[in-house]
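Inside the fold
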Amino acid sequence: MPTIQEIRERFRRDRFATDAAGITIKEAQPQHAICEMPLSEKHRNARGTPMGGAIFTLADFTAAIAANGFSEHTDTISLHADITFLGTAKGEKLIAEAKCVKQGRTTSLYTVEVTDELGTLVAQAGVNGFVLPK
């Protein structure tokens, strides 16, 4: 089973999430992950609040870690994803937690909850994955 450091190194190649958005992997277990994204000016929209695309990137990346972090023989790619924005972040960082609802042979379903460090519920996402052999 890979260590958290090995998972971080593997997903460092997801340059948009790690470099541009600044997302870090905090926890990774089979079918579960927690990631964080510090909020800066580059994450904000014209109103000064976190941009929906930044929030979605965090949710999608966290689901990818949960689905693929420990998979040895398969890769899961997004088949469909949706997000519902529920509140405005008031803190300085966003935290996403992805959990597997169903892992099948060819498809999967993950839910992702995004909050800020103050506990404000910012968004909930659902990500359907398509499972491919490596």
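What comes next concerns the included structure. Worth saying up front: this structure is predicted, and the values here are computed from it rather than measured.

What about a nonpolar patch on the surface?
Taken together, Ile 77, Leu 79 and Phe 130 make up a surface patch of nonpolar side chains, about 270 Å² in accessible area. Structurally, the position occupied by Ile 77 is in strand E3 (residues 74-85).

Quick look at the nonpolar core
Across soluble globular proteins, you tend to see nonpolar side chains buried next to one another. If you look at the biggest cluster of nonpolar residues, it comprises 32 residues, and the most contacted ones within it are Ile 65, Leu 94 and Val 114. Elements supplying a minimum of two residues to this core: helix H1 (4-11), strand E1 (24-29), strand E2 (32-38), helix H3 (52-68), strand E4 (93-103), strand E5 (107-116) and strand E6 (121-133). Of the residues forming this core, the biggest block, nine residues, is contributed by H3. Setting aside its immediate chain neighbours within four residues, Ile 65 contacts Ile 7, Phe 11, Ile 25, Ala 28, Ala 33 and Cys 35.

Digging into H3
Here H3 is 17 residues long and its end C-alpha atoms lie 24 Å apart, about the 24 Å a rise of 1.5 Å per residue gives. Summarising burial for H3: 12 of the 17 residues are buried, a large majority. Those residues of H3 that sit buried are Ala 54, Ile 55, Thr 57, Leu 58, Ala 59, Phe 61, Thr 62, Ala 63, Ile 65, Ala 66, Ala 67 and Asn 68.

Things to note about the environment of Ser 71
Relative to the assigned elements, Ser 71 resides in the loop between H3 and E3. Accessibility expressed as a relative area gives 14% for Ser 71, which makes it buried. A C-alpha to C-alpha distance of 9.6 Å links Ser 71 and Pro 2, two positions 69 residues apart in sequence. Sequence-distant contacts of Ser 71, defined by excluding residues within four places in its chain, comprise Arg 10 and Lys 134. Polar contacts involving the side chain of Ser 71 include one to the main-chain carbonyl oxygen of Asn 68, which spans 3.2 Å. A distance of 2.9 Å separates a polar atom in the side chain of Ser 71 from the backbone oxygen of Thr 74.

A closer look at the pairing of E2
E2 sits mainly inside the fold: six of its seven residues count as buried. Judged from the five bridges that link them, E1 and E2 form a sheet pairing that is antiparallel. Of the residues in E2, the one forming a bridge with Glu 27 is Ile 34. What sits between the antiparallel neighbours E1 and E2 is a turn of two residues, in which Gln 31 has the positive phi angle 65°. Sheet topology note: the E2/E4 ladder contains seven bridges and is antiparallel.

Some details on the state of the cysteines
Taken as a whole, this structure holds zero disulfides when the rule is applied. You can see Cys 35 has no disulfide; the closest cysteine sulfur is in Cys 100, sitting 16 Å from it. The exposure class of Cys 35 is buried, given its relative accessible area of 0%. Residue Cys 100 is classed as partly exposed on the basis of its relative accessible area of 22%.

Cut-off values and rules
- Residues numbered from 1 in each chain as written.
- Predicted model: local features only at pLDDT ≥ 70, side-chain atom pairs only at ≥ 80, totals over all residues.
- Heavy atoms only, no water.
- Patch = residues over 30% accessible without salt bridge, like charges linked within 9 Å, V, L, I, M, F, W, Y side chains within 5 Å.
- Areas by Shrake-Rupley, 256 points an atom, 1.4 Å probe, with all protein chains shown as cover.
- Salt bridge = Lys/Arg side-chain N within 4 Å of Asp/Glu carboxyl O.
- Helix = DSSP H or I, 4+ residues; strand = E, 2+ residues; numbered from the N terminus.
- Core = buried A, V, L, I, M, F, W, Y, C linked by side-chain atoms within 4.5 Å.
- Buried < 20%, exposed > 50% of the residue type's maximum accessible area, 1.4 Å probe, protein only.
- Contact = heavy atoms within 4.5 Å.
- Expected span 1.5 Å × (residues − 1).
- Polar contact = N/O pair within 3.5 Å; in protein donor to acceptor, adjacent residues only side chain to side chain.
- Pairing = 2+ DSSP bridges.
- Disulfide = S-S within 2.5 Å.

Keep in mind these values describe shape, not function.
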